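Observations on the model geometry
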Amino acid sequence: MKTEFILQAVDAISIAIHAHESEIESLDRAIGDGDHFINIKRGVTTIAAMREELSALPADVALQRIGMKLLSTIGGASGPLFASFFIAMSKTLKTQQEESLATIAAAFADGVESIKQRGKSDLGEKTMLDVLIPVAQTFRQQVEAGADMPALLTAIKASAEQGMLSTRDMLATKGRAAFLGERAIGHIDAGAKSSQVMISAVCDLLAQT
Ligand code: ADP
Ligand code: MG
């Protein structure tokens, strides 16, 4: 992975997140406290401001810096979770001699695993993990099956979309929505939506390059 690509991905994510501002905001207002969009925006803006510093670094070091910065800038539950994703991804990339799609899929999966550990959460709890876990699985399976880039990206986007929609009918057992019990049913989780939007934006970027 090239650091230049990471910086392009940050820009693509920023545009996509802003395009979904009101949707993400109102989802978190419905079953959270309404600050999820602001938290994500703060993270994206902070990282975009690190462009010069990051561009001089190898990708694994850049991801590590991004994680550390997110830890100290995004508040809420999501800040430390996103931070641990990037830090774990960085660690895996650092240990790999050769870069391939399989390496990146493994790094992504390790990032997701680290969110599970930090959040003490898993699939089916109405969180961002309902998008991230299926996407990590799809990413790995498609790479193992030798899928070409367009097929891989289409499968990942579909998996993210399906995961995001799956949170609608779930009871929340983690995060603020857990306090609502049955009242959270019928609402998509904000973190699942923002994760789906970000993943989809990165896939669209990859499709162009
Ligand atoms: P806060 O909940 O502190 O207001 P945010 O609004 O930024 O923080 O993020 C809320 C999102 O974080 C939720 O929509 C959910 O997807 C995710 N989340 C919360 N707790 C957990 C957890 N323990 N594990 C995984 N994801 C979580
Ligand atoms: Mg919130």
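You'll find the structure just up there.
Quick look at the structure, then.

Reading guide: rules and limits
Note that residues are indexed from 1 along each chain, following the sequence as it is written. Naming scheme: in the order in which they are written, chains are lettered from A and ligands are numbered from 1. Residues qualify for local features only when their pLDDT is at least 70, as the model is predicted, and side-chain atom pairs are given and counted only at 80 or more; totals for whole chains, interfaces and linings, by contrast, use all residues. Note that water and hydrogens are dropped before the side-chain values are worked out from all heavy atoms of the structure. A helix here means a DSSP run of H or I that spans at least four residues, while a strand means a run of E at least two residues long, and both kinds are numbered starting from the N terminus. Atoms counted for the radius of gyration: C-alpha only. Globule rule: 2.2 Å times residue count to the power 0.38. Categorising residues by exposure relies on relative accessible area from a 1.4 Å probe, with only protein chains included: less than 20% of the type maximum marks a residue as buried, more than 50% marks it as exposed, and the intermediate range marks it as partly exposed. Here is the rule: rings of Phe, Tyr and Trp (six-membered ring for Trp) pair when centre to centre is within 6.5 Å. Planes less than 30 degrees apart are stacked, more than 60 are edge-to-face, and the remainder are tilted. Axes here refer to lines fitted to C-alpha atoms; in helices the fit is confined to the stretch in contact. Angles between the N-to-C directions go from 0 to 180 degrees. Working definition: roughly parallel below 35 degrees, roughly antiparallel above 145 degrees, roughly perpendicular at 65 to 115 degrees, and oblique for all remaining angles. Two helices crossing with the near one rotated counterclockwise from the far one by less than a right angle form a left-handed crossing, whereas a clockwise rotation gives a right-handed crossing. Throughout, a residue-residue contact means that at least one pair of heavy atoms, one from each residue, lies within 4.5 Å. In this count, Pro and Cys sit with the nonpolar residues alongside Ala, Val, Leu, Ile, Met, Phe, Trp and Tyr, while Asp, Glu, Lys and Arg are called charged and the others, Gly among them, polar.

So, on to the overall build of the chain. Counting its regular elements, the chain contains ten helices and zero strands. When the helices and strands of the chain are read in sequence order from the N terminus, they spell out α-α-α-α-α-α-α-α-α-α. The C-alpha radius of gyration computed for the chain amounts to 16 Å, which stays within 12% of the reference 17 Å derived for 209 residues, consistent with globular compactness. Seen along its three principal axes, the alpha-carbon backbone of the chain occupies a region of about 50 × 40 × 30 Å. The buried share of the chain, taken over its 209 residues, is 50%.

Turning our eyes to something else, we now look at the packing of aromatic side chains. The tally for this structure, following the rule as stated, stands at three aromatic pairs. Ring centres of Phe85 and Phe86 lie 5.2 Å apart, and the angle between their planes is 85°; this geometry places the pair in the edge-to-face category. By relative accessible area, Phe85 is classed as buried at 9%. You can call Phe86 partly exposed: its relative accessible area is 21%. Every member of this aromatic cluster is reached through a ring pair, and the members are Phe85, Phe86, Phe108 and Phe139.

Following both chains from N to C, one finds helix α5 (residues 59–73) and helix α6 (residues 78–95) inclined at 160°, their axes separated by 8 Å at the closest point. When the axis of α5 is compared with that of α6, the two are roughly antiparallel. Read as a crossing pair, α5 and α6 show a hand that is left-handed. Along its contact with α5, which presents Asp60, Leu63, Gln64, Ile66, Gly67, Met68, Leu70 and Leu71, the element α6 presents Gly79, Pro80, Phe82, Ala83, Phe86, Ile87, Ser90, Leu93 and Lys94. For the contact of α5 with α6, the residue count by class is eleven nonpolar, four polar and two charged.

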